[in-house]
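A closer look at the structure
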Amino acid sequence: MDETALAAHFDATIAGDQRIEPRDWMPEAYRRTLIRQIAQHAHSEIIGMQPEGNWIRRAPSLRRKAILLAKVQDEAGHGLYLYAAAETLGVDREELTEKLISGRQKYSSIFNYPTLSYADVGVIGWLVDGAAICNQVPLCRCSYGPYARAMVRICKEESFHQRQGYELLLAMVNGTDAQREMVQESTNRFWWPSLMMFGPPDGDSPNTRQSMDWGIKRHTNDELRQRFVDMTVPQAEALGVTLPDPGLRWNAERGHYDFSEPDWDEFKAVISGSGPCNAQRLAQRRRAHEEGAWVRAAAQAYAEKQASRTAAA
Ligand code: FAQ
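Heads up: these notes are all about the structure in this document.

Rules of the game
- Residues numbered from 1 in each chain as written.
- Predicted model: local features only at pLDDT ≥ 70, side-chain atom pairs only at ≥ 80, totals over all residues.
- Heavy atoms only, no water.
- Salt bridge = Lys/Arg side-chain N within 4 Å of Asp/Glu carboxyl O.
- Helix = DSSP H or I, 4+ residues; strand = E, 2+ residues; numbered from the N terminus.
- Expected span 1.5 Å × (residues − 1).
- Buried < 20%, exposed > 50% of the residue type's maximum accessible area, 1.4 Å probe, protein only.
- Arc of directions from axis to C-beta.
- Near = heavy atom within 4 Å.
- Polar contact = N/O pair within 3.5 Å; in protein donor to acceptor, adjacent residues only side chain to side chain.
- Areas by Shrake-Rupley, 256 points an atom, 1.4 Å probe, with all protein chains shown as cover.
- Axes fitted to C-alpha atoms, helices over the stretch in contact; angles between N-to-C directions.
- Left-handed = near helix turned anticlockwise from the far one by under 90°.
- Contact = heavy atoms within 4.5 Å.
- Nonpolar A, V, L, I, M, F, W, Y, C, P; charged D, E, K, R; others polar.
- Phe/Tyr/Trp six-rings, centres within 6.5 Å; stacked < 30°, edge-to-face > 60°.
- Lys NZ or Arg CZ within 6 Å of the ring centre and 35° of its normal.

**Thoughts on the pattern of salt bridges**
Should the charged atoms of two oppositely charged side chains come close, the side chains can pair. Applying the stated criterion to the full structure yields 18 salt bridges. Taking the shortest distance from any N to any O, the salt bridge between R149 and E21 comes out at 2.8 Å. With a gap of 128 residues between them, R149 in helix α7 (residues 145-173) and E21 in the loop between α1 (3-15) and α2 (28-47) connect regions that are remote in the sequence. A single network of salt bridges, built from pairs that share partners, joins E52, K71, E75 and D129.

**Re helix α12 (residues 278-291)**
Between the first and last C-alpha of α12 there are 20 Å, a value that for 14 residues agrees with the 20 Å anticipated at 1.5 Å per step. Listed as buried for α12 are N278, R281, L282, R285 and H289. Buried residues along α12 cover an arc of 90° about the axis, so they all sit on one side. Pointing more than 90 degrees away from the buried face of α12 are the exposed residues A279, E290 and E291.

**Remarks on the site of the ligand**
Near the ligand you find 35 residues, and of these Q40, K106, S205, K217 and N221 are the closest. In this structure, an oxygen atom belonging to the ligand sits 3.0 Å away from a side-chain N or O atom of N135. A distance of 3.3 Å separates a nitrogen atom of the ligand from a polar atom in the backbone of M196. Computed on the free molecule, the ligand has an accessible area of 1100 Å², of which 91% lies beneath the protein chains in the complex. When contributions to the shell around the ligand are tallied by element, the ones reaching two or more residues are α2, α4 (62-87), α6 (119-136), α7 and α11 (264-274).

**Digging into the packing of α6 against helix α10 (residues 221-239)**
What describes two packed helices is the angle between their axes and the distance between those same axes. Interaxial distance between α6 and α10 falls to 10 Å at its minimum, and their mutual angle equals 145°. In the crossing of α6 with α10, the sense of the turn from one axis to the other is right-handed. Residues W126, L127, G130, A131, C134 and N135 of α6 pack against L224, R227, F228, M231, T232, Q235, A236 and L239 of α10. Residues that form the contact of α6 with α10 fall into these classes: nine nonpolar, four polar and one charged.

**Some details on the packing of aromatic side chains**
Tallied over the full model, the rule gives nine aromatic pairs. When the ring of W191 is compared with that of F228, the centres are 5.9 Å apart and the planes differ by 20°; the resulting orientation is stacked. Highlighted residues: W191 in helix α8 (residues 177-196) and F228 in helix α10, separated in sequence by 37 residues. Both residues of the pair, W191 and F228, count as buried. Ring geometry for W250 against Y257: centres 5.0 Å apart, planes inclined by 70°, an arrangement best described as edge-to-face. Residue W250 is classed as partly exposed on the basis of its relative accessible area of 48%. Taking relative accessible area as the criterion, Y257 reaches 16% and is therefore assigned buried. An aromatic cluster is built from F10, W25, Y30 and W214, whose rings are joined through pairwise contacts. For the cation-ring pair, R58 lies above W55, with the distance from its terminal atom to the ring centre recorded as 3.9 Å.

And the structure:
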């Protein structure tokens, strides 16, 4: 088939809501967009281990420590599925990691905020995993097969993470006044950054239109942000926690909650490297990568030895 016929086949596949697979022809811009989004997503899972990892050695009980360890390990697994999905597009993980640690590829803004108390572990599960699920469930229907399939398992695990966070918060709000204050204080810090996870407002989102036309994104950033707010308000009420937005109120006409605009200048500063923890997160990731060099070299040498033994046999 010539390129025009291949492009027509691609367009028909997208129009028919079918999946594009790695062997299929795809426009270069589609491939680049997917690499950008999947890489950013994979990096987020890996960098996202740091804020909660900060509390593993200070968990208040053995039970909480076991739960948190398992959760943080799940995030590592998500990163690996996603790097593997990106590799089907012709990039390799080493190259993507280099781009992350040299600051040439982004990761989610949310992970540039510090975790200051154990309540943050619960609030991250509730709000950050909650926002992640809202954004990621539609990605299970993404037009690119390997990404969509990776998202199915990731979403199941993220739902579990959201519940573990909520369960921790329920225990805390049923505890002492000091524990309730910790939950409120943590919610105050994480509310706005969680809303920013959905990306800039639709009017300032250069990629949404094209990504929706290609069936990569199924909803706009603002649609998903609204869905998250609507889902979260009753959960906050059940916890007895106040969301820190005086503009938050039910709008019967729209059938949705109205809410105030996040501080988009803060968002821009965070995604361009000037958030509270950007430098620390990248330095830690760089250090871990360097310290793991011998493990990668050993694994490579072992794989080569096995391959040459198989070839000889
Ligand atoms: N942070 O035109 P758009 C998790 C960038 S969940 C940083 O709207 P797009 C689970 C964007 O890349 C978190 N950068 O872009 C977990 C673009 O930059 P570029 C990860 C952001 O792609 C929980 C520019 O702004 N989830 O890790 C952000 O159409 C707990 C213009 O924006 C995903 O990655 C942001 N928040 O829509 C782990 C989900 N927002 O490259 C541990 C998949 C936007 O053009 C613990 N990704 N940018 O310079 C997506 O759904 C999309 O990529 C969006 C952005 C919605 C994030």
